[in-house]
Amino acid sequence: MKKTVFWGVLTVAGLAAGAAAAGTMDDVKARGKLNCGVSTGLVGFSAPDANGEWGGFDVAVCRAIAAAVLGDPTAVEFVPTTGKTRFTALASGEIDILARNTTWTFSRDVDLKFEFIGVNYYDGQGFMVPKSLGVSSAKELDGATVCIQTGTTTELNLADFFRANNISYEPVPIETNAEAQQQYLAGACDVYTTDASGLAATRATFENPGDHVILPEIISKEPLGPLVRHGDSEWADVARWTLNALIAAEEYGITSANIEELSKGTNNPEINRMLGTEGTLGEMMGLDKEWAKRAISAGGNYGEIFAKTIGENTPVGLARGLNAQWTNGGLLYSPPFR
């Protein structure tokens, strides 16, 4: 086997995240647009199309927030960030929210002073290899070269896994998914490791996806979600409850097709409170009563967004799995709207 690995050097220890200046929502309203940090391009999650229009699973969260706050899902400036630059961009105020398949960890939450608003994708780290390598398990990768993005949680996970299994590897560090793809396909590394969803998204762009195998081992917990700065609870509430609205909408059967009808009033008080026909939930956050209606209308509920961007009928081809509603055996669960 060749000897290479994309080894990500986690930079969180040296990063000083500045405290949020209270009033992010006021800044967004005054600016007339939401500055959203995304990846440099990960198909299905956040990537521009041929016309430069950003789309994807993470992008949809930012569009929903823009719809809730500004009344316009297109009022978003998407700022590409790498694993290294994403936290600096958020801490410095360059972006208002980071929606970039980022893992919620203790140190990022507590030490870097960020606030995760929830989990929009439950994931775990995996491995992809060429089928021609003849490997069926990650435990057979002794001596492999591994491509790994720097500034990510995958570095320590990778080291722990190889150490626990008493096997060795050689890292090949890269900064972006595009670089990883290029290096991997060029044979600069035997293995590419990142979140399993990212592997599926990357493989979907290959000319011959069937020539590559995602190995069965999932070696970590990677709860991915959007995050904002500490110190601005009002803004965190708006972002958090917008994500919750997308999740709850699926549970209660609110879709882009029926939301107009349901917003006239139903016999379900929870739906009525969400869509603004009862109560004053929007007012509690400094928004109007139709904030959640606009957020859901922007791209549909969580299930609709999942199906359109990364679901089984897309090139990425992900099953719901852990990301199914709690009523269907998954982990998705929104707190009550009351």
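Cut-offs used in this document
- Residues numbered from 1 in each chain as written.
- Predicted model: local features only at pLDDT ≥ 70, side-chain atom pairs only at ≥ 80, totals over all residues.
- Heavy atoms only, no water.
- Helix = DSSP H or I, 4+ residues; strand = E, 2+ residues; numbered from the N terminus.
- Contact = heavy atoms within 4.5 Å.
- Disulfide = S-S within 2.5 Å.
- Buried < 20%, exposed > 50% of the residue type's maximum accessible area, 1.4 Å probe, protein only.
- Polar contact = N/O pair within 3.5 Å; in protein donor to acceptor, adjacent residues only side chain to side chain.

(A) Broad picture of the side chain of Asn244. Tracing the backbone through its elements, the reader meets Asn244 in helix H8 (residues 233-251). In contact with Asn244, other than residues within four places in its own chain, are Ser334, Pro335 and Phe337.

(B) Focus on the state of the cysteines. Inspection of the entire model under this criterion finds 2 disulfides. A sulfur-sulfur separation of 2.0 Å characterises the disulfide bridge that pairs Cys36 with Cys62. Between Cys36 and Cys62 the sulfur-sulfur dihedral comes to about 65°; the bridge is accordingly right-handed. Residue Cys36 is located in strand S1 (residues 34-38), and its partner Cys62 is located in helix H2 (residues 57-70); the two are separated by 26 residues in the primary sequence. Assessed through its relative accessible area of 0%, Cys62 is described here as buried. A sulfur-sulfur separation of 1.7 Å characterises the disulfide bridge that pairs Cys147 with Cys189. With the S-S dihedral at roughly -105°, the linkage between Cys147 and Cys189 falls on the left-handed side. Taken as a pair, Cys147 in strand S9 (residues 144-149) and Cys189 in the loop between helix H6 (177-185) and strand S11 (191-195) lie far apart in primary sequence, 42 residues in all. Sequence-ordered numbering of the bonded cysteines in the protein chain yields a pairing of 1-2, 3-4.

(C) Local environment of unusual backbone geometry. Even without being a glycine, Asn101 presents a positive backbone phi close to 30°. Residue position: Asn101 is located in the loop between strand S5 (97-98) and helix H4 (106-110). Its relative accessible area of 18% is what places Asn101 among the buried residues.

(D) Here's a closer look at the side chain of Asp190. Among the structural elements, Asp190 can be located in the loop between H6 and S11. Overall, Asp190 belongs to the buried group, its relative accessible area being 6%. Here Thr145 takes part through its backbone nitrogen, which lies 2.9 Å from a polar atom of the side chain of Asp190.

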